[in-house]
Amino acid sequence: MPEPDRDLTRKAIAQALAGLADTGHLTVVEVAADGVTTFLLHRDGNGRPRGRSWPATWPDLAGEHGWDADPAAAREAVLRAARVHPSPADVILVAASADPRAERALDWLRAAHPAAQMLRGDAPTAALIREVMADDPLTRPYELVVLLADPGTGGLRLTGRRLFPIGSRPGARTRVALRCTEPGAHGTALAVVTWQGPEPRLLSLQSAPLAPGRYDVTAELVRPGRVRFTGLPALSPDHRDWERLVGSLPDRLPGRAGPAHLVCAVEICGADDQVAERLSRARQMISFASGELGDLLRVSLLAYAAHSFDPSAPEHPVRVAAWNADAGEALDALGELEEQGAVTRGYPYHPQAAQLEDALAAVAGRLGHTDPAPAVVLTVGGRPPHPPRTDRSRILPCPRRHDWRKLVAVLRQRPGTTLGAICDHAAGQAHPLWHELGATALAHLEAVDVRGLAADLGLTAPSPVHLPFPLLDETE
Amino acid sequence: MQPDPSRGRPDHDIAMWGAPGSGKTTLLAALYIALTKSGNGWKIVGSDPASSDYLVERTKDLLQGKVFPEASMALERYHWSLIGPPPRKTGFWNRKAKPGQPPRIGIGMIDAPGGLFGAGQRPAGGPSPQDGSGDPRRQELLDNLEHSRGIVFLFDPIREFTYGDAFDHMYPPLTRLAERMLAAGEFTDGKLPHHIAVCVTKFDDPRVLETAEARGLLTTDDDDPYRLPRVAGDDARELFHELCQVSATGSADMVLETLDQYFHPDRIRFFATSSIGFYVDRRARRFDWDDFQNMLPEEVDEDSRIRGQLHPINVVEPLLWLGQRLAAIRSAKGVS
């Protein structure tokens, strides 16, 4: 059975606390058999009730001359012990004893604070106040800090997922679906904030090393200022600086591994060992990209040699060994080229240039502008192209008058096209075209970092990035 | 080509002169081809078996598309005769014309590894390059120049652009020649008595052709079925001057000034020359500004090659001009 006085007192204090404004104070003065205890209650920045108490015994209040010898001093001592906040404040007086000293003290207090609410109760006021504070309904909404990713750009935005609205009481529960990426050194942070005005205010920060994946999390309001999460590994308090935590947030999610079209154009004229080396590099790149992207990778393979400048010697046109094939087919075609080895070696084939411009024309023509698939054009060779007309380079003009400058411009302007090259020569000695062909990445044939080159050309699976906060799973 | 069946000294000796690699031998080999193609009745024959063999071999190489190495590997000393069509003497009362004595122009060429007078090519401890009497090869070149009255001087603008040594090869022997002519009393008007045909070689090179085009010096011969670009005689001097501006050493301008200093203006003529000519597609049979290079770049350790048919330009003309001018002088002397 509830005790009527206790309930009345509890209810009165709870009402007063519920009505307490952000800047207000509530003073509860308990006058009991052993003395006077003052409780000062207020709300912190998150609207959470906070309280302090100051007990004073009757001997403390009586002073050195005794209660009866100097009543004025005793009165002053009692009023001082009440510590009523100078600002407008609610005052509740709780009479918990019929002791004459208590009655007298209550009289003084009522006279000093005529607006004070007067209650009678036997239960310890401290316990009552703790109960009231723990059961205080929320005066501000609680939100969990989560990340939202733009589905188009992968751009990341911090936002709040509502956990508990104003008025929520302890025991309230809510479910939220979260997604976590690769955990960093500090794990994933679960931050709860409150809202008052335009800016959120951090209420609590905990973290745990959450494995990548989806989590169905239940948040429970334990008491004002305390939210418990279940459905996650044990969380630990996180003492990281909030500004640094937010500052560690990347701008966007790493690009997803999407379909990629790797177009390899390989020069197959010149010395046998050099041709073999070029084909070997192409094989390494195709194999590596295939391992990274799997079925998402399509491969095309073209081989080009040198022009013949003697009608009696046959011209070997650009050979499209594979087009938009899977990696296995392309590697089979590459094997045939490796078996064939170098072609068009020596006179009357041009000794210093190759049909690079013809290869570019073939690639540009086949890729076209309408195909929206992103493409990586990787050229492997070393000779310069033929100019479209006789010029000072002394390299004979392309028999088909292809203009390599225009063709490179076409490829560079094609949406989603990345240009990379593996050149026989170091960058300083390469023809200017090779710098354009390697606009995104230019590697030297003798020292190719296959993984690095593939990464530069976007042919690797995205590297995991750590997100300090969980992503809100919006698929639910 | 056969050794000259007739005996005796040719009418006019012409000396071939130029820096090593300037294209003297290529020009001579092209001369046979150009004469044959022209159908004007002129032919070139060797004055001795060695000279005939040399010409035969070089002509054969050239026809097979192989250009000669740039530098001579040994001392070369050759003599040929350019023999023209015999004049027809019309008989009195319209009787059958009888052939007269054909005109003959003697051509001599001396060449040696690294040239004879080039800077930095002097033998260690040897005589000064100014001293023509010290080195027998120089002596021979000077003798050749002294005894000739016509000089074909080859100026290679590409070599000049790269090395800039035309003046080095020209100036020392010229001063020695002037010294000899002065001593012989043949420096009468303050100039050498020689005629000189200055051949600006490698006219087929894109850099040379572009220079001529940029200066507006090009023309075409209406009778030329291929419509090959040419530089008219009067404009060739300007082309020479223009090409001198890009000399590697900046001394090419002095070549022109030295020529003017030592040769009478009436006795100098410039020619824009190409021994191999421009490439002409066999099907189109017309000069193509987009594709005219006739020289294939050389591979490592291999000689340059010629891409298509030979179309020598201004190869015969310098020799015939010299021959005509010398014949006129001889004729005038004979009359006087």
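Up top you'll find the structure we're talking about.
Residues numbered from 1 in each chain as written. Chains lettered and ligands numbered in written order. Predicted model: local features only at pLDDT ≥ 70, side-chain atom pairs only at ≥ 80, totals over all residues. Heavy atoms only, no water.

**Q** Is there a simple way to think about the overall build of chain B in this case?
**A** For chain B, the count of helices and strands is 9 helices and 13 strands. Counting only residues that meet the buried cut, chain B has 51% of its 336 residues in that class. Sequence separation of 24 or more characterises 77% of the internal contacts of chain B that already satisfy a separation of 6 or more. Roughly 15800 Å² of accessible area belongs to chain B as shown, and the carbon and sulfur atoms make up 49% of that amount. (Helix = DSSP H or I, 4+ residues; strand = E, 2+ residues; numbered from the N terminus. Buried < 20%, exposed > 50% of the residue type's maximum accessible area, 1.4 Å probe, protein only. Contact = heavy atoms within 4.5 Å. Areas by Shrake-Rupley, 256 points an atom, 1.4 Å probe, with all protein chains shown as cover.)

**Q** How do you make sense of the overall build of chain A when you look at a structure like this?
**A** Within chain A, the regular secondary structure consists of 12 helices and 20 strands. By the burial criterion, 49% of the 476 residues in chain A qualify as buried. Contacts spanning at least 24 positions in sequence make up 71% of the contacts within chain A whose residues lie at least 6 apart. When the accessible surface of chain A is summed, it comes to about 22100 Å², and 50% of that surface belongs to carbon and sulfur atoms.

**Q** I keep staring at the nonpolar core and nothing clicks. Help me out?
**A** Most often, soluble globular proteins have nonpolar side chains that are buried together. Core analysis: the biggest nonpolar cluster contains 70 residues, and M285(A), L297(A), L378(A), I422(A), L453(A) and L459(A) have the highest contact counts within it. Examining the composition of this core, we find that 8 residues originate from one element, helix α7 (residues 272–293) of chain A, more than from any other. Residues contacting L297(A), with those up to four places away along its chain left out, are A260(A), L262(A), I286(A), A289(A), S290(A), A325(A), A327(A) and L459(A). In terms of nonpolar packing, the next biggest core, distinct from the first, is built from 46 residues, M181(B), A236(B), F240(B) and Y262(B) among them. (Core = buried A, V, L, I, M, F, W, Y, C linked by side-chain atoms within 4.5 Å.)

**Q** Which parts of the structure should I look at to understand the interface of chain A and chain B?
**A** Often the size quoted for an interface is simply the accessible area lost on bringing the parts together. Counting residues at the interface gives 16 residues for chain A, matched by 19 residues for chain B. For the chain A and chain B pair, buried surface summed over both sides reaches about 1800 Å², with 51% attributable to carbon and sulfur atoms. Linking chain A with chain B are 5 salt bridges. Across the salt bridge formed by D205(B) and R394(A), the nearest N and O atoms sit 3.7 Å from each other. Remark: the boundary between chain A and chain B carries 7 residue pairs in polar contact (both at pLDDT 80 or more). A per-class count over the side of chain A that touches chain B returns 7 nonpolar, 4 polar and 5 charged. (Buried area = accessible area lost by both parts, 1.4 Å probe. Salt bridge = Lys/Arg side-chain N within 4 Å of Asp/Glu carboxyl O. Polar contact = N/O pair within 3.5 Å; in protein donor to acceptor, adjacent residues only side chain to side chain. Nonpolar A, V, L, I, M, F, W, Y, C, P; charged D, E, K, R; others polar.)

**Q** For this particular structure, what's the right way to read the side chain of D238(A)?
**A** All names here are of chain A. Examined against the element boundaries, D238 turns out to sit in the loop between β13 (236–237) and α6 (242–247). Since its relative accessible area comes to 10%, D238 is described here as buried. Aside from chain neighbours lying at most four places away, what touches D238 is H186, A189, L205, Q206 and S207.

**Q** Looking at this structure, I do not really get the sheet that holds strand β16 (residues 319–325) of chain A. What am I missing?
**A** In a beta sheet, neighbouring strands pair by backbone hydrogen bonds and run either parallel or antiparallel. Residue and element names in this part refer to chain A. Pairing is mixed across the open sheet formed by 6 strands, whose spatial order is β16-β15-β14-β17-β18-β19. Each end of this open sheet is capped by a strand with a single partner; those strands are β16 and β19 (441–444). The mean inter-strand angle of the sheet, taken between neighbouring strand axes irrespective of direction, is 15°. Where strand β14 (residues 260–267) meets strand β15 (residues 297–304), 8 bridges bridge the pair, whose relative direction is parallel. Each residue of the ladder has a partner; that of E267, found in β15, is Y304. In the packing of α7 onto the sheet, the strands contacted are β14, β15, β17 (375–381) and β18 (417–423), and the crossing angle to β14 comes to about 175°. (Pairing = 2+ DSSP bridges. Axes fitted to C-alpha atoms, helices over the stretch in contact; angles between N-to-C directions.)

**Q** I'm lost on the packing of aromatic side chains in this one. Help?
**A** Residues and elements named next belong to chain B. One pass over the full model with this rule turns up 13 aromatic pairs over all chains. Ring geometry for F155 against F240: centres 4.5 Å apart, planes inclined by 55°, an arrangement best described as tilted. Placement of the pair is F155 in strand β7 (residues 150–155) and F240 in helix α7 (residues 233–244), with a sequence separation of 85 residues. Here the aromatic cluster, defined as three or more aromatic residues joined through ring pairs, consists of F203, F278, F287, W289 and F292. (Phe/Tyr/Trp six-rings, centres within 6.5 Å; stacked < 30°, edge-to-face > 60°.)

**Q** In this structure, what is going on with the environment of G121(A)? I would like to understand it.
**A** Residue and element names in this part refer to chain A. Within the fold, G121 resides in the loop between β5 (117–120) and α5 (125–134). In this structure the C-alpha to C-alpha distance between G121 and V94, which are 27 residues apart in sequence, comes to 6.6 Å. Once residues within four sequence positions are removed from consideration, G121 is found in contact with D5, T9, V94, A95 and A96.

**Q** I tried to follow the pairing of β18(A) on my own but got confused; where do I start?
**A** For a regular strand, side chains alternate in direction, first toward one face of the sheet and then toward the other. Residue and element names in this part refer to chain A. By the criterion of burial, β18 is predominantly enclosed, with 6 of the 7 residues buried. In this sheet, β18 lies alongside β17 in parallel orientation, the contact comprising 7 bridges. What sits directly across from L378, in β18, is G420. For the segment spanning β17, helix α10 (residues 404–413) and β18, crossover handedness is right-handed. Each parallel crossover has a hand, and the one from β18 via helix α11 (residues 432–437) to β19 is right-handed. (Right-handed = clockwise from strand over helix to strand, strands pointing away.)

**Q** Looking at this structure, I do not really get the pairing of strand β1 (residues 25–32) of chain A. What am I missing?
**A** Residue and element names in this part refer to chain A. With 8 of 8 residues buried, β1 is to be regarded as a mostly interior element. Side chains H25, T27, V29 and V31 of β1 all project onto a buried face; the interleaved residues L26, V28, E30 and A32 project onto the opposite face, where all are buried too. For β1 and strand β2 (residues 35–43), the ladder comprises 7 bridges, and the chain directions are antiparallel. Across the sheet, A32 pairs through a bridge with G35, a residue of β2. Hairpin remark: β1 followed by β2, antiparallel, with 2 residues in the connecting loop.

**Q** Where do I start with the pattern of salt bridges in this structure?
**A** Between side chains of opposite charge, pairing is possible as soon as their charged atoms come close. Residue and element names in this part refer to chain A. Within this structure, the stated rule accounts for 45 salt bridges over all chains. A salt bridge links R75 to E76; the nearest nitrogen and oxygen atoms lie 3.1 Å apart. The class of E76 is partly exposed, set by a relative accessible area of 39%. Here E267 makes a salt bridge to R383, at a shortest N to O gap of 3.9 Å. Linking E267 in strand β14 with R383 in the loop between β17 and α10, this pair joins segments that are 116 residues apart in sequence. Each member of the salt-bridge network shares a partner with another, and the members are R10, E131, D135 and R169.

**Q** Just to check I follow, could you spell out helix α6 (residues 206–214) of chain B for this structure?
**A** Owing to its 3.6 residues per turn, the α-helix brings residues three or four apart onto one side. Residues and elements named next belong to chain B. Listed in full, the buried residues belonging to α6 are P206, V208, L209, T211 and A212. Where α6 is buried, its residues contact α4 (157–162), β9 (218–220), β10 (229–231) and α7. Between a side-chain oxygen at the N-terminus of α6 and the backbone nitrogen of R207 the separation is 2.8 Å; the capping residue is D205. G216 sits one or two residues past α6 and shows a positive phi near 70°.

**Q** In this structure, what is going on with the environment of A185(A)? I would like to understand it.
**A** Residue and element names in this part refer to chain A. Along the polypeptide, A185 turns up in the loop between β8 (173–180) and β9 (188–196). The class for A185 is exposed, based on a relative accessible area of 83%. Taking the C-alpha atoms as reference points, A185 and P468, separated by 283 residues in sequence, lie 9.8 Å from one another.

**Q** What should I look at first to understand the packing of helix α9 (residues 356–367) of chain A against α10(A) in this one?
**A** Between two packed helices, both the angle of their axes relative to each other and the distance between the axes serve to describe the pair. Residue and element names in this part refer to chain A. At a minimum axis separation of 9 Å, α9 and α10 run at an interaxial angle of 30°. Once α9 is placed against α10, the crossing between them reads as left-handed. Contacts between α9 and α10 involve E357, L360, A361, V363, A364 and L367 from the former and W404, L407, V408, V410 and L411 from the latter. (Left-handed = near helix turned anticlockwise from the far one by under 90°.)

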